[in-house]
Amino acid sequence: MKPLKIFLITGTICLLSWGGYSFFIKEPQQVVIPPAPNKFVEEIKLNITNLSKSPNNKFCVEDYSAIKYKIDGYSKANKLDFIWEENLLKSLDYTYTPIFLSQAYYVFNGNEWEINKLNTIRLEVKNLIASKNIDNKTDLIKVKEILSQYDKIVSFISRANSFASELKVRNIEEPFDIDMATNFIKDADKYHNLKEHANNCTRLQSQLENIPDLMYNMHLNFLSKKVELCIGKYSTVPNYPSYFDSFRKPIFSEFKLYEDNFSSYSVSFTKLEGDLQSLKDRMNQEDKIAKSYKY
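Residues numbered from 1 in each chain as written. Predicted model: local features only at pLDDT ≥ 70, side-chain atom pairs only at ≥ 80, totals over all residues. Heavy atoms only, no water.

Draft legend 1. Structural detail: the overall build of the protein chain. A tally of regular secondary structure across the protein chain gives 10 helices and 0 strands. Each helix (α) and strand (β) of the protein chain, taken in turn from the N terminus, gives the series α-α-α-α-α-α-α-α-α-α. For the protein chain, with 295 residues in total, the buried portion stands at 36%. Taking all contacts inside the protein chain whose residues are at least 6 apart in sequence as the whole, residues at least 24 apart take part in 75%. When the accessible surface of the protein chain is split by element, carbon and sulfur atoms take 55% of a total near 18,500 Å². (Helix = DSSP H or I, 4+ residues; strand = E, 2+ residues; numbered from the N terminus. Buried < 20%, exposed > 50% of the residue type's maximum accessible area, 1.4 Å probe, protein only. Contact = heavy atoms within 4.5 Å. Areas by Shrake-Rupley, 256 points an atom, 1.4 Å probe, with all protein chains shown as cover.)

Draft legend 2. Just the packing of helix H2 (residues 39-51) against helix H3 (residues 61-76), in detail. Contact geometry of H2 with H3 gives a least axis separation of 10 Å together with a crossing angle of 165 degrees. Taken as axis vectors, H2 and H3 run roughly antiparallel relative to one another. Handedness of the crossing formed by H2 with H3: left-handed. Taking contact as the criterion, the partners of Phe40, Glu43, Ile44, Asn47, Ile48 and Leu51 in H2 are, on H3, Asp63, Tyr64, Ile67, Lys70, Ile71 and Tyr74. (Axes fitted to C-alpha atoms, helices over the stretch in contact; angles between N-to-C directions. Parallel < 35°, antiparallel > 145°, perpendicular 65-115°, else oblique. Left-handed = near helix turned anticlockwise from the far one by under 90°.)

Draft legend 3. Expanded view of the nonpolar core. Phe100, Phe108, Met215 and Tyr265 are the most contacted members of the largest nonpolar core, which has 78 residues in total. Once residues lying within four places of it in the same chain are set aside, the contact partners of Met215 are Ala160, Phe163, Ala181, Phe184, Ile185 and Tyr265. (Core = buried A, V, L, I, M, F, W, Y, C linked by side-chain atoms within 4.5 Å.)

Draft legend 4. Local environment of the environment of Cys230. Along the chain, Cys230 falls in helix H8 (residues 202-230). With 16 residues separating them in the primary sequence, Cys230 and Ser246 have C-alpha atoms 9.3 Å apart. Setting aside chain neighbours within four positions, we find Cys230 in contact with Ile172, Tyr243, Phe247, Ile251, Met283 and Glu286.

Draft legend 5. Layout of the pattern of salt bridges. Scanning the model with the defined rule gives 14 salt bridges in all. Measuring nitrogen to oxygen at the nearest pair gives 3.0 Å for the salt bridge that ties Lys256 to Asp260. With Lys256 and Asp260 both in helix H9 (residues 240-260) and 4 residues apart, the pair spans about one turn of that helix. For Glu259, the salt bridge identified is with Lys280, shortest N-O distance 2.8 Å. You can see Glu259 sitting in helix H9 and its partner Lys280 sitting in helix H10 (residues 269-292), a full 21 residues away along the chain. Here the two residues Glu259 and Lys280 agree in accessibility, since each one is buried. Each of the salt bridges in this network shares a partner with another, and the network as a whole consists of Arg248, Asp287 and Lys291. (Salt bridge = Lys/Arg side-chain N within 4 Å of Asp/Glu carboxyl O.)

Draft legend 6. Spotlight on the confidence of the model for the protein chain. Summarising the model, the protein chain shows a mean pLDDT of 88, and 88% of its residues fall at 70 or more. The secondary-structure element of the protein chain with the lowest mean pLDDT is helix H1 (residues 2-25), recorded at 36, while helix H5 (residues 115-129) shows the highest, at 98. Predicted confidence for residues 1-33 stays below pLDDT 50, and this span has 1 contact to residues more than four positions away or in other chains. (pLDDT = per-residue confidence, 0-100.)

Draft legend 7. The arrangement of the packing of aromatic side chains in detail. As enumerated under the stated definition, the model contains 21 aromatic pairs in all. With a centroid separation of 5.5 Å and 25 degrees between ring planes, the pair formed by Tyr216 and Tyr258 is classed as stacked. Of the two residues, Tyr216 sits in helix H8 while Tyr258 sits in helix H9, which places them 42 residues apart along the sequence. Since its relative accessible area comes to 0%, Tyr258 is described here as buried. Note that Lys190 overlies the ring of Tyr191, its terminal NZ or CZ placed 5.1 Å from the centroid. (Phe/Tyr/Trp six-rings, centres within 6.5 Å; stacked < 30°, edge-to-face > 60°. Lys NZ or Arg CZ within 6 Å of the ring centre and 35° of its normal.)

Draft legend 8. Expanded view of H8. Taking 1.5 Å per residue as the helical rise, H8 with its 29 residues ought to reach 42 Å, and the 43 Å between its terminal C-alpha atoms agrees with that figure. At Ile211, H8 shows its strongest bend, of approximately 35 degrees, with the proline Pro212 following within four residues. One or two steps after H8, the chain reaches Gly232, where phi turns positive at roughly 80 degrees. (Expected span 1.5 Å × (residues − 1). Bend = angle between axes of the 7 residues up to and from the residue.)

As structure tokens, then:
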């Protein structure tokens, strides 16, 4: 009898142990997502599905905004509870983000970086980065960095244009800022050869390629203004040697500086000499007058 009791007790312990193991260790079944509670949720889910099929070559900002507006409206009308509102908004942002990224890169990979399209990308990437529904924002930040590189080049081109347009020659002693002009040319070449998305923009490339010519023409214009300052100045000095040292010698030194830097301007020496010759001729004519002037 005693062995039988021991057997029954042992068997009971084993059964209880197996049952406990089965209850606590067995993996839970996959959670079943409940179906949409009403037609309003179904409608929005369908809208989001349709949004996911948007083409890359056209922004779907209006469709995205319309769905977001609809979610808000249904929520305020008590057609969606808070949980469904949050779920749908998160689903919308997660669905829209890769679509937006594809559309943004469609612009970046093209040659025409239209300003209105860039403005759309700026606004959308700003809003999506600020979204609480998106956890990984690495790709959005990359888009922002591409825009930043574009803006940096645009700003550089603007500074170069300003430097060239603000040319003023106040006196004969004022030198041309050859270092600044040369730096603009070097930086333009650097930006032109970057392996960045911004280099796909033909508008920027064309403007960067034009900067050496811009600096060349600026320097030529500077010399022309300098020659104008020299005209008639022989009458303001006591003798010809004073005229030579104060006007002719300095201006021809600047002509030499211009010639020495022709390679930076990416023009042939023949072109430079041809453009400069009329200024030399005028100074030579002025020199003849100065020599015969009655001091």
